[in-house]
Amino acid sequence: MSLFKARDWWSTALGEKEEFDQGCLCVADVDNSGSGQDKITVGSYMGYLRIFNPHPVKPGDGMQAEDLLLEVQLRDPILQVEVGKFVSGTELLHLAVLHCRKLCVYAVSGTLGNVEHGNQYHIKLMYEHNLQRTACNMTYGPFGGVKGRDLICIQSMDGMLMLFEQESYAFGRFLPGFLLPGPLTYSSRTDSFITVSSGQQVESYKYQVLAFATDADERQETEQQKMSSGKRLVMDWVLNIGEQALDICVVSFNQTSSVFVLGERNFFCLKDNGQIRFMKKLDCSPSCFLPYCSVSEGTINTLVGNHNNMLHVYQDVTLKWATQLPHVPVAVKVGNLQDLKGVIVTLSDSGHLQCSYLGTDPSLFQAPKVESREINYEELDREMKELQKIIKESTKTQDILPKSEKGYDDLRIMAEVSPDLDVVSQAIDSEVRAEAVPSVTVKITLQSRLAVQKTKLSICVQPPLALTHDQFIFDDIESGRSKAVALSVFLKGNCPPAELEGNAVASYSTPTGIPRVAQCKFRLPLRLICFPAQPSKTANHKLTIDTNKPPVSLVNLFPDFADQSDEDQVNVLGFQFLTGSRITLLASKTSQRYRIQSEQLEDLWLITKELTFRLQEHFKKENSKDFTCTFSGSVPLQEYFELIDCHFELRLNAEKFEELLSERAIQFRAIERRLLTRFKDKTPAPLQHLDTLLEGTYRQIIALADAAEENQANMFQAFTKLKSATQLVIMLISLWQKLSTDQVAILEATFLPLMQDTQELGWEESVDAAISHLLRTCLSKSSKEQALTLTNQLSIPKDTSRLKKHITLLCDRLAKGGRLCLSTDTNIQQTMVMPGGCTPIPESDLEERTGVQDSTTTFTNHRHFTKQKSKTDFPQGALEEAEKP
């Protein structure tokens, strides 16, 4: 940062919301006054053309009305303005204005005023050229060494140089290897055009070479042009500068000229032949520059503006001065204004025009003087205590986000599930082999308290369930308004889901730009995935749920599945999933028990969960607060382990398929390379059955890919079944040990860490690591177990024996009184919950003991330790009794 700022001589702001660039500023005696006074000409992208002649009464004054000589709005955006001898028959200066598709040349003249309003200025169009191509920039000069007039060269956006000899069009040439336009200038000493290509090269083209090169009326050469006498356009010289250029300028002095190029990080000074005279690395990102002759012999001064609101003055490569500007300049010029030579004129991209000069006006911050007053220490102590009280109260709350007023969020999201299934099913591309796949409508309502923006609503359900629409986008929701959308949910995959819950999440932004999220969950009906069926008397898997209340009629619990006229369904109900599995639910007439039975273990989960949920809702309506469910049977670990082995085997198969596909792909590419070598050989050689081998390898790859895809589908179904069985085991353990809600959450986080199963991170290794952590922390028996470290890297195991041992040991320690918690002080916790009688189980049991690790071990409730319940514990003849009319 500079110590001094530029001395403001005159400044003004141009228009409102107008844009300007480096070609929009020109300083010259545009009205040919002959007094040596320059005028400032500014054009904008909005089409406004303004001419100023500043006359401040004192330095630093703003613009007066008489300072603006002319303001006119042209129809097209102004890309560049230049002043030169552009009209034939006269050597007076005229104004050239470049538009996107037009070049206009104006004469600026003034009329002496007879009253106090001053002189009147106006512009007169001398001629114009309509361009066939979109213009980018232009340059001018005495092309070809002409005397007393200036010609104009326009560069188009597609790389064509269009040359105009004042009122007439001369010719056009395409630059070779063109991609994007760059800055363009003309060197009168070498009679050449110099530009910087998109290849980061400074290129020079002689005017004579352009004039005699092949015509460029068409971009592609025709056969007639190839046979003509035109020459190919070649460069005079080229130099690679290694960066894009912002501007280029030519300065002549002492019979020599130098080419200055402003890059993104450096500025270069080149000789006429393209050799580097010197270069300077810049500390800040430049925005514009202006080289001019120095008073010192053989040196050149350069004004360089940058994006730090600074203007640096270099003498060759030496920094001579640095001054601070009030804006970032995009164009800088030097002119003679009101007998003041060397005034620096800068223009910003927003239209801040300033005339300044260098000086030593310091830019220092001076703190204002503080009024002296006597200090009241009692008042300060009182204020300090109040502030400390506020700080203490604020630190008590643990909420990171501030609570909304009256507990009402800016955006509320509500989900309403239709009580009935859709009359016309909306199921699309379902893989279920049932006659009809039902669907249910879910209505999501967004209610806004304040105006919210960029609202995106996402709805998700767990596969194999699917949605007709899963995303909705709302631009703006006004205050007090609501938006509602409807969608349908159906079963798409050919297996029962592990959850009948969905989640709706809405992300939005408050009017102040703060991102927020609102969400809600909804429960899907059981009728979506199953329908009533005849009960089955035989089943491989049976579970018994005990309650502390009299049995409830199944007709009242499941009115949507039971026939009111059928008295047999009071104590027994049958359910059949759309995928074909059948589940039977029985209620005992003499005891407070319910039995769920099925051929598959995983099919018991949804019916068991639905039963406990409806029982809780039923007794809640009767204002019974002490209702509890318990499970005194054995946890079916053996059947659960079979599902784990099935899923793990499919994971191993997927790994094998991946290895085989990789081997066959390598073999396929090797055969392709050999065949390509044979085909490229000039002397044909026999293929030696390589084509047959290629076709066989291709068929193997296709067969392996089909098998891998089928295995992937089977693994997805196996993972869904495993999740259902896992949630069933978690529920049975929680009912068995009467775990609290927090302990059940720990079990769910341990056994269900993943929503999706992948080869990189699978269910087995994740659960094994989580259970091992519990066994070493809250379920540990000694400090020796706590000192053991876990492996940091998770990878697919060789088998599931270790995982099954850990699950068995977890159940054993829970059976002996262990409790789950996340407290770090595990020793104190275990002392409180497990007093006396628990013998420590050494960590070696995880690897060596076989008594507890046997997968056939059953765990029972210690309250019934003297009388162990059998696996099919149910009152004798309960099923027959329930089926009697």
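Below is a short write-up of the structure. Predicted model only: the values in this text are computed from it and were never measured.

1. Looking at the overall build of the chain
Here comes step 1: Within the chain, the regular secondary structure consists of 13 helices and 43 strands.
Here comes step 2: Here the chain holds 885 residues, and 46% of them are scored as buried.
Here comes step 3: In the chain, once contacts between residues fewer than 6 apart in sequence are set aside, the share between residues at least 24 apart is 62%.
Here comes step 4: Approximately 47500 Å² of the chain is accessible, and the part contributed by carbon and sulfur atoms is 50%.

2. Looking at the sheet that holds strand β17 (residues 201-206)
Here comes step 1: With respect to topology, four strands assemble into an open sheet ordered β15-β16-β17-β18, the strand pairing being antiparallel. Every interior strand has two partners, whereas the edge strands, β15 (184-187) and β18 (237-240), have only one. Averaged over all pairs of adjacent strands, the angle between their axes in this sheet comes to 20 degrees, without regard to strand direction.
Here comes step 2: The sheet contact formed by β17 and β18 spans four bridges and is antiparallel. Looking across to β18, one finds that Gln201 is bridged to Asn240.

3. Considering the nonpolar core
Here comes step 1: In terms of nonpolar packing, the biggest core is built from 100 residues, with Leu457, Val489, Leu524, Phe575 and Tyr640 touching the most fellow members.
Here comes step 2: Considering each element in turn, this core owes the most residues, eleven residues, to helix α7 (residues 690-737).
Here comes step 3: Val489 has contacts with Pro438, Ser439, Val440, Val442, Val461, Leu465, Ala466, Leu467, Leu524 and Leu528, leaving out every residue within four places of it along the chain.

4. Details of the packing of aromatic side chains
Here comes step 1: For the structure on display, the rule yields 18 aromatic pairs.
Here comes step 2: When the centroid spacing of 6.2 Å and the interplanar angle of 45 degrees are considered together, the rings of Phe171 and Tyr207 count as tilted. Here Phe171, found in strand β14 (residues 168-174), pairs with Tyr207, found in helix α1 (residues 207-212); they are 36 residues apart in sequence, far enough to count as distant. Side by side, Phe171 and Tyr207 carry an identical accessibility label, which is buried.
Here comes step 3: Directly above the ring of Phe613 sits Arg523, whose terminal nitrogen or CZ lies 4.1 Å from the centroid.

5. Structural notes on the environment of Gly43
Here comes step 1: Relative to the helices and strands, Gly43 is located in strand β3 (residues 39-43).
Here comes step 2: The class of Gly43 is buried, set by a relative accessible area of 0%.
Here comes step 3: Look past the residues within four positions of Gly43 in its chain and what remains in contact with it is Phe20, Cys24, Tyr48 and Ile78.

6. Focus: the packing of helix α5 (residues 604-621) against α7
Working note: a packed helix pair is described by the angle between its axes plus the distance between those axes.
Here comes step 1: α7 packs onto α5 with a crossing angle of 40 degrees between their chain directions and a minimal axis gap of 8 Å. Between α5 and α7, the crossing angle belongs to the class labelled oblique. For the crossing formed where α5 meets α7, the hand is left-handed. Two secondary-structure elements touch here, α5 through Leu604, Trp605, Thr608, Lys609 and Thr612 and α7 through Ser724, Gln727, Leu728 and Met731.
Here comes step 2: Split by residue class, the contact of α5 with α7 holds four nonpolar, four polar and one charged.

7. Quick notes on the packing of helix α8 (residues 741-751) against helix α9 (residues 763-776)
Here comes step 1: Look at α8 against α9: their axes get within 8 Å of each other, and the N-to-C directions meet at 140 degrees. With respect to α9, the element α8 is oriented oblique. Across the interface between the two elements, Ile746, Thr750 and Phe751 from α8 touch Trp763, Val767, Ala770, Ile771 and Leu774 from α9.
Here comes step 2: Counted by class, the contact of α8 with α9 contains seven nonpolar, one polar and no charged residues.

8. Quick notes on the environment of Gln315
Here comes step 1: Residue placement: Gln315 occurs in strand β25 (residues 310-315).
Here comes step 2: Residues Gln315 and Thr299 lie 16 residues apart in sequence; the distance between their C-alpha atoms is 6.6 Å.

9. Thoughts on α5
Here comes step 1: The terminal C-alpha atoms of α5 lie 26 Å apart, and with 18 residues this matches the ideal 26 Å at 1.5 Å per residue to within 8%.
Here comes step 2: Looking one or two places after α5, you find Asn623, whose phi comes out positive at around 60 degrees.

10. Section: helix α11 (residues 801-815)
Here comes step 1: The end-to-end C-alpha distance of α11 is 21 Å, a good match for the 21 Å that 15 residues give at a rise of 1.5 Å each.
Here comes step 2: Along α11, the residues classified as buried are Leu803, Lys804, His806, Ile807, Thr808, Leu809, Leu810, Cys811, Asp812, Arg813, Leu814 and Ala815.
Here comes step 3: Following α11 by one or two positions, Gly817 has its phi on the positive side, about 110 degrees.

11. Looking at a nonpolar patch on the surface
Here comes step 1: Taken together, the side chains of Ile375, Tyr377 and Leu380 present a nonpolar region at the surface, about 350 Å² in accessible area.
Here comes step 2: The topology assignment puts Tyr377 in helix α3 (residues 377-396).

12. Quick notes on the sheet that holds strand β42 (residues 593-598)
Here comes step 1: Judged by pairing direction, the sheet is antiparallel, and its six strands sit side by side in the order β38-β40-β41-β42-β39-β43 without closing on themselves. Every interior strand has two partners, whereas the edge strands, β38 (530-533) and β43 (629-630), have only one.
Here comes step 2: Sheet topology places strand β39 (residues 541-547) next to β43; two bridges connect them, and they run antiparallel. The partner of Asp546 across the bridge, within β43, is Thr630.
Here comes step 3: Those strands touched by α5 are β39, β40 (572-577), β41 (582-587), β42 and β43, and its axis lies near 160 degrees from that of β42.
Here comes step 4: Packed onto the sheet, α7 meets β39 and β43 and runs at close to 35 degrees relative to β39.

13. What about the pairing of strand β29 (residues 352-357)?
Here comes step 1: The pairing of strand β1 (residues 7-13) with β29 spans six bridges and is antiparallel. In the strand pairing of β29, Ala13 is matched with His352.
Here comes step 2: Two strands pair when backbone bridges link them, and strand β28 (residues 340-348) and β29 are joined in this way by four bridges, in the antiparallel orientation. Bridged to Val345 within β29 is Cys355.
Here comes step 3: In textbook terms, the turn of a hairpin is the stretch between consecutive antiparallel strands, and for β28 and β29 this stretch comprises three residues, one of which, Gly351, has a positive phi near 100 degrees.

14. Structural notes on the side chain of Asn494
Here comes step 1: Relative to the helices and strands, Asn494 is located in the loop between β35 (482-491) and β36 (501-509).
Here comes step 2: Not counting residues within four places of it along the chain, the set of residues in contact with Asn494 comprises Glu431, Val432, Arg433, Thr579 and Gln717.

15. A closer look at the pattern of salt bridges
Here comes step 1: Counting across every chain of the model gives 25 salt bridges.
Here comes step 2: We note a salt bridge from Glu617 to Lys620, for which the minimum N-O separation is 3.8 Å. With a gap of three residues between them, Glu617 and Lys620 both fall in helix α5, about one helical turn apart.
Here comes step 3: The salt bridge involving Glu765 is made with Arg651; its shortest N-O contact spans 2.9 Å. Linking Glu765 in helix α9 with Arg651 in helix α6 (residues 637-680), this pair joins segments that are 114 residues apart in sequence.
Here comes step 4: Residue class for Glu765 comes out buried when judged on its relative accessible area of 5%.
Here comes step 5: Through salt bridges with shared partners, a single network forms among Arg523, Asp560, Glu610 and Arg614.

16. Here we look at the environment of Arg149
Here comes step 1: Tracing the sequence through the fold places Arg149 in the loop between β11 (135-141) and β12 (151-156).
Here comes step 2: Its relative accessible area of 31% is what places Arg149 among the partly exposed residues.
Here comes step 3: In sequence terms Arg149 and Thr90 are 59 residues apart; their C-alpha atoms lie 8.0 Å from each other.
Here comes step 4: Ignoring sequence-local partners within four residues, the contact set of Arg149 consists of Lys85, Pro142 and Gln166.

17. A closer look at unusual backbone geometry
Here comes step 1: Of the consecutive residues Pro463 and Pro464, the connecting peptide bond is found in the cis state with omega at 10 degrees.
Here comes step 2: For Pro464, the location among the structural elements is in the loop between β32 (452-461) and β33 (465-467).
Here comes step 3: Even without being glycine, Asp316 reaches a positive phi, approximately 60 degrees.
Here comes step 4: Residue placement: Asp316 occurs in the loop between β25 and β26 (318-324).

Rules behind the numbers
Residues numbered from 1 in each chain as written. Predicted model: local features only at pLDDT ≥ 70, side-chain atom pairs only at ≥ 80, totals over all residues. Heavy atoms only, no water. Helix = DSSP H or I, 4+ residues; strand = E, 2+ residues; numbered from the N terminus. Buried < 20%, exposed > 50% of the residue type's maximum accessible area, 1.4 Å probe, protein only. Contact = heavy atoms within 4.5 Å. Areas by Shrake-Rupley, 256 points an atom, 1.4 Å probe, with all protein chains shown as cover. Pairing = 2+ DSSP bridges. Axes fitted to C-alpha atoms, helices over the stretch in contact; angles between N-to-C directions. Core = buried A, V, L, I, M, F, W, Y, C linked by side-chain atoms within 4.5 Å. Phe/Tyr/Trp six-rings, centres within 6.5 Å; stacked < 30°, edge-to-face > 60°. Lys NZ or Arg CZ within 6 Å of the ring centre and 35° of its normal. Parallel < 35°, antiparallel > 145°, perpendicular 65-115°, else oblique. Left-handed = near helix turned anticlockwise from the far one by under 90°. Nonpolar A, V, L, I, M, F, W, Y, C, P; charged D, E, K, R; others polar. Expected span 1.5 Å × (residues − 1). Patch = residues over 30% accessible without salt bridge, like charges linked within 9 Å, V, L, I, M, F, W, Y side chains within 5 Å. Salt bridge = Lys/Arg side-chain N within 4 Å of Asp/Glu carboxyl O.

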